[in-house]
Amino acid sequence: MMTQRLKPDDAGVSCAAALLRAGALVAFPTETVYGLGANAADPGAVARIYAAKGRPADNPLIVHVASPGAIDEWAVPDVRARELARRFWPGPLTLVLPGRGLFGAPTLALRMPAQPVALALLAAVGRPIAAPSANRSGRPSPTSAQAAYQEMQGRIEAVLEGPTARVGIESTVLDLSLAEAALLRPGGISAAQIADALGEHIGEAKGSARSPGTRYRHYAPEVEITLFADDERQRLIESVARALSACRGSWYIGLAETAPKGAKGLLANDVRQLQQELYAALLEAERQGAPVVAVLPPQSSSAAGVRDRMLRAAGGKVQAAQGREE
Ligand code: AMP
Ligand code: MG
C-alpha cells in the first residue's frame, strides 16, 4: 500500500476526511502525539487499526470528538465528567465513561484534542474518530509527521501532516465509570489539577484490570534502554557517566542539569522540553544504534507523565546507582 502524505490545508483535510469516511486509516497530528485514525462507527476500519499496529485486541481505543457536547451522544457523563470537559477540553485529558454501546463495550474513552488540524479533520469527517498513537504496538509514539510516516508507511492510506506535537506524551486517562475517580495513565493534565477541579482525591489504578493498556510493553525502541533509579542523585549521575563512557556513541536522555560532562543525546532544559522531545530522542538513539541509552527521570511532581514513559521504555527495569569501583 502506498501511504499518501497530505498537507494540512483545506484540500489535504478534505481528502483525509473522505478517506476516513470510506473506511481508510489516516494518521493525523494532535497536541499529545500523532494519532492513527479510523471512523469509530465503522467496525471494519476499527479492526484495521489493530492490524496496522499489531495491537492486542483487548486494549480499547480512545475516541476523539469535535466538541464537549459530543460527550452526550456517545457516553453517559455525570457532573464530574461535564466539569472536567468544561475545564480541560480541548486538551490532553481522556475520560472513561459509561458508554452507549460503541465498540460493544460497557465503557468508552473520549477526548477532544487541542490541535487545529485535528479539530478541522473531526469537523470535516462529521463523526468521531477512534485513534490510538500512530506507532506499531510497543514502540515509542511518533510526535512528528515524519516519525508517523516512517512508523506506518505501507500500512495505512495516508498521513495528514502537521506540526511537532506540543505535549509529547499521550493524554492523561481518567476513569469516571465508577463512583471513585481513578487515574489510569499519567499525562499532560496532572492528578493534582484534576483533584483541584473535582474537589476530591484522585486514586491511581495502575496495572489494574480497569486499564488494559498498562499491561503491555510500551514506548520501547529497539535499543537497550537503561533507566536509572532515583536513590542517591550524585552517585547515580556518576553511574550514568560510567555507563556512557564505556561505549562510544552512547546516549543520555534527561535534564541537562543532571547530565554527565560530555554526554550526548537529549539534554533538556526543563521537564516540558524533556516530555516534548523524549520519543523523538528514543527513535533517534534507535536509528543511530546507540550501544547504551541512559535514561534519567526527573524528580519533580510535574514529571509524573514523563517518568512513567521512561520507565516503560526501559521495560520496567531500573538500574540502581553503583558504588565507586576500587
Ligand atoms: P492509546 O490509544 O495507545 O493511547 O491507549 C489508550 C489508553 O486508554 C490505553 O491505556 C487503554 O487501556 C485506555 N482505555 C481506552 N478505552 C478504555 C476503556 N473503555 N476503559 C479503560 N481504559 C481504556
Ligand atoms: Mg499508544
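Residues numbered from 1 in each chain as written. Chains lettered and ligands numbered in written order. Predicted model: local features only at pLDDT ≥ 70, side-chain atom pairs only at ≥ 80, totals over all residues. Heavy atoms only, no water.

Trainee: Explain the pairing of strand β5 (residues 93-98) to me, and be specific about the residues and the numbers.
Mentor: The element β5 is largely enclosed, with a buried count of 5 among its 6 residues. Summarising the sheet, β5 and strand β9 (residues 172-175) pair through 4 bridges and their orientation is parallel. If you follow Leu93 over to β9, its bridge partner there is Thr172. Here β5 runs beside strand β6 (residues 107-111); their pairing, made up of 4 bridges, is antiparallel. Its bridge partner being in β6, Leu95 is matched across the sheet by Leu110. (Buried < 20%, exposed > 50% of the residue type's maximum accessible area, 1.4 Å probe, protein only. Helix = DSSP H or I, 4+ residues; strand = E, 2+ residues; numbered from the N terminus. Pairing = 2+ DSSP bridges.)

Trainee: Requested: an account of the pairing of strand β10 (residues 182-185), with residues and values cited.
Mentor: Of the strand pairs in this sheet, β9 and β10 are connected by 3 bridges, and their pairing is antiparallel. Of the residues in β10, the one forming a bridge with Asp175 is Ala182. Hairpin remark: β9 followed by β10, antiparallel, with 6 residues in the connecting loop. Two strands pair when backbone bridges link them, and β10 and strand β11 (residues 203-204) are joined in this way by 2 bridges, in the parallel orientation. Along β11, the bridge assignment pairs Ala182 with Gly203. Crossover handedness for the path β10 to helix α7 (residues 191-198) to β11: right-handed. (Right-handed = clockwise from strand over helix to strand, strands pointing away.)

Trainee: Please provide a residue-by-residue account of the packing of aromatic side chains, values included.
Mentor: This model, assessed by the stated rule, comprises 0 aromatic pairs. Of note, Arg5 hangs over the ring of Tyr149, and the distance from its end group to the ring centre comes to 4.1 Å. (Phe/Tyr/Trp six-rings, centres within 6.5 Å; stacked < 30°, edge-to-face > 60°. Lys NZ or Arg CZ within 6 Å of the ring centre and 35° of its normal.)

Trainee: Describe the environment of Leu20, with residues and values.
Mentor: Structurally, the position occupied by Leu20 is in helix α1 (residues 10-21). Sequence separation between Leu20 and Ser177 is 157 residues; the distance between their C-alpha atoms is 29 Å. Contacts of Leu20, omitting those with residues within four sequence positions, involve Val26, Gly37, Ala38, Asn39, Leu121, Val125 and Ile129. (Contact = heavy atoms within 4.5 Å.)

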